[in-house]
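Below are the chains, spelled out letter by letter.
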Amino acid sequence: MSHAPQASNDDGTPGDNSSAEDHRFVSGVAMAIIGTFLFASKSIVAKLVYGLGLDATGLLTLRMVFSFPVYLFVWLALKRRAAAKQSAKPISRRLIFRALLLGFFGYYLAAYLDLLGLEYISAQMERLTLFSYPAIIAVLAWMFLGERLSWKIVLSIGLCYVGVWLMYSQERNYAGDADTTKGIILVMGAALSYSIYVLFAKPTMQAIGSREFTSLAMMGSTVFVAIQFAATRPLASFFQSNPLVFVYGAGLAIGCTVIPSYLINEAIVRIGATRTSVIGSAGPVLTMLLAILLLKEPSTPYHFIGMSVAIIGVALVAKK
């Protein structure tokens, strides 16, 4: 087996790159943990905003209002950097259109259905239901891309929905059957929409770069959010809201959207997608703990059992 040559110090003696590699690995793990925690906080912030009288459409609009300038700044900075490089190729209109279309599924439709579902179910139930999207991706890949549906994937799907069912059976004790079912259907729709985005985003992301793609997709989703808001309510309704919703909206946009999106992408580069996804498995657990501590949501042993079963199911999909 061949080995990569060792780095040399200035005097010609063999050097050691292990320190730099260790630092890169540790920083990547830290990024994945912080990003997972910030993403997990989204449901908690949304519930706090709902308590102030704002609905899903208003919250999604606030989120995009505060996050759009950041993504626009990143996009323009990347464009300037590309223009400075003579060899950089311009992004074709076809790729831009594809990124905007994928942004519709991944950052508009999925986000809206998820926030709307949160109006009917607990943050714990929402996070676990949404967490089933890797299993949905496996089924979609089997249906449309001809990928093999192994026994591990089938078992994973079964475990995911056993976990959701266990928590659902308890959720009905604290909310009406109709509201709980409606909320879960909406969040399942969000998981399906996000699965479509993840499944078909990779080729476009590879063609134009992850940061360029993320910025384009997010900016495109802002257009859809603006159209929905303009079609459903007057602009003046924003200024009649509790001023605190703007603080929460900024936190949701920057702290729970922009920062973790870049942290998770960089973590994937540093430690790989598999390790990042395993760390991401802690997301629902973090949401559950935050919901119990901050929102005082009820929780039973069935909640923890359901969460554990679903996480095991997703872990099976994550493993190669």
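In this text, all values refer to a predicted model and were calculated from it rather than measured experimentally.

Each value, and the rule that gives it
Residues numbered from 1 in each chain as written. Predicted model: local features only at pLDDT ≥ 70, side-chain atom pairs only at ≥ 80, totals over all residues. Heavy atoms only, no water. Helix = DSSP H or I, 4+ residues; strand = E, 2+ residues; numbered from the N terminus. Buried < 20%, exposed > 50% of the residue type's maximum accessible area, 1.4 Å probe, protein only. Contact = heavy atoms within 4.5 Å. Areas by Shrake-Rupley, 256 points an atom, 1.4 Å probe, with all protein chains shown as cover. Axes fitted to C-alpha atoms, helices over the stretch in contact; angles between N-to-C directions. Left-handed = near helix turned anticlockwise from the far one by under 90°. Nonpolar A, V, L, I, M, F, W, Y, C, P; charged D, E, K, R; others polar. Expected span 1.5 Å × (residues − 1). Bend = angle between axes of the 7 residues up to and from the residue. Core = buried A, V, L, I, M, F, W, Y, C linked by side-chain atoms within 4.5 Å. Parallel < 35°, antiparallel > 145°, perpendicular 65-115°, else oblique. Salt bridge = Lys/Arg side-chain N within 4 Å of Asp/Glu carboxyl O. Phe/Tyr/Trp six-rings, centres within 6.5 Å; stacked < 30°, edge-to-face > 60°.

Engineer: With reference to specific residues and values, describe the overall build of the protein chain.
Structural biologist: Across its full length, the protein chain carries 13 helices and zero strands. In sequence order, the protein chain lays out its α and β elements as α-α-α-α-α-α-α-α-α-α-α-α-α. Counting the 320 residues in the protein chain, one finds 45% classified as buried. When contacts within the protein chain are restricted to residue pairs at least 6 apart in sequence, long-range pairs at least 24 apart make up 86% of them. For the protein chain, the computed accessible surface area is about 16,600 Å², with 67% contributed by carbon and sulfur atoms.

Engineer: With reference to specific residues and values, describe the packing of helix 3 (residues 56–84) against helix 9 (residues 210–232).
Structural biologist: Relative orientation and spacing of two packed helices are given, respectively, by the angle between their axes and the distance between those axes. The interhelical angle for the contact between helix 3 and helix 9, taken along N-to-C directions, is 145°, at an axis separation of 8 Å. For the pair helix 3 and helix 9, the crossing hand works out as left-handed. Taken together, the residues of the contact of helix 3 with helix 9 break down into 13 nonpolar, nine polar and three charged.

Engineer: Outline the environment of Val162, listing residues and values.
Structural biologist: Position of Val162 among the secondary structure elements: in helix 7 (residues 151–171). The spacing of Val162 and Val309 is 147 residues in sequence and 7.2 Å in space, taken between C-alpha atoms.

Engineer: Tell me about unusual backbone geometry, residues and numbers included.
Structural biologist: Glycine aside, residues mostly have negative phi angles, and peptide bonds mostly take the trans form. One non-glycine residue, Lys296, lies in the positive phi region at around 60°. Counting through the fold element by element, Lys296 comes out in the loop between helix 12 (283–294) and helix 13 (301–318). A relative accessible area of 65% places Lys296 in the exposed class.

Engineer: Could you give an account of helix 4 (residues 93–117), with specific residues and numbers?
Structural biologist: Counted at 1.5 Å a residue, the expected span for helix 4 with its 25 residues is 36 Å, and the 34 Å between its end C-alpha atoms agrees. Within helix 4, the axis deviates most sharply at Gly103, by approximately 35°.

Engineer: Before we move on, could you go through the nonpolar core and cite the residues and values that matter?
Structural biologist: Counting residues in hydrophobic clusters, the biggest one holds 68 residues, and the most contacted among them are Tyr50, Leu59, Leu60, Leu115, Met125 and Phe213. The element contributing the most residues to this core is helix 4, with 10 residues. Counting residues in hydrophobic clusters, the runner-up holds seven residues, among them Met31, Ala32, Leu263 and Ile279.

Engineer: Explain the packing of helix 1 (residues 18–40) against helix 2 (residues 42–50) residue by residue, including any values.
Structural biologist: Axis separation between helix 1 and helix 2 bottoms out at 4 Å; the angle between their running directions is 25°. Classified by the interaxial angle, the pair formed by helix 1 and helix 2 is roughly parallel. Taking contact as the criterion, the partners of Leu38, Phe39 and Ala40 in helix 1 are, on helix 2, Lys42, Ser43 and Ile44. Here the residues of the contact of helix 1 with helix 2 are counted per class, giving four nonpolar, one polar and one charged.

Engineer: Kindly report on the environment of Phe104, identifying the contributing residues and their values.
Structural biologist: Within the secondary structure, Phe104 sits in helix 4. By relative accessible area, which is 22% here, Phe104 ends up partly exposed. Apart from residues lying up to four places away in sequence, Phe104 is in contact with Leu109 and Phe224.

Engineer: Explain the pattern of salt bridges residue by residue, including any values.
Structural biologist: This model, assessed by the stated rule, comprises four salt bridges. Note that Lys42 and Asp114 form a salt bridge whose closest N and O atoms lie 2.2 Å from each other. Linking Lys42 in helix 2 with Asp114 in helix 4, this pair joins segments that are 72 residues apart in sequence. Overall, Lys42 belongs to the buried group, its relative accessible area being 11%. Of the residues examined, Asp114 reaches a relative accessible area of 1% and is grouped as buried. When the shortest N-O distance is used, the salt bridge between Glu126 and Arg127 registers 3.6 Å.

Engineer: Residues and numbers for the packing of aromatic side chains, please.
Structural biologist: Applying the stated criterion to the full structure yields eight aromatic pairs. On the numbers, 5.4 Å between centres and 40° between planes, the contact of Phe104 with Tyr108 is tilted. Placement of both Phe104 and Tyr108 in helix 4 is noted, with a separation of four residues, approximately one turn of the helix. Their ring planes at 35° and their centres at 5.8 Å tell us that Tyr108 and Phe224 sit as a pair that is tilted. Taken as a pair, Tyr108 in helix 4 and Phe224 in helix 9 lie far apart in primary sequence, 116 residues in all.

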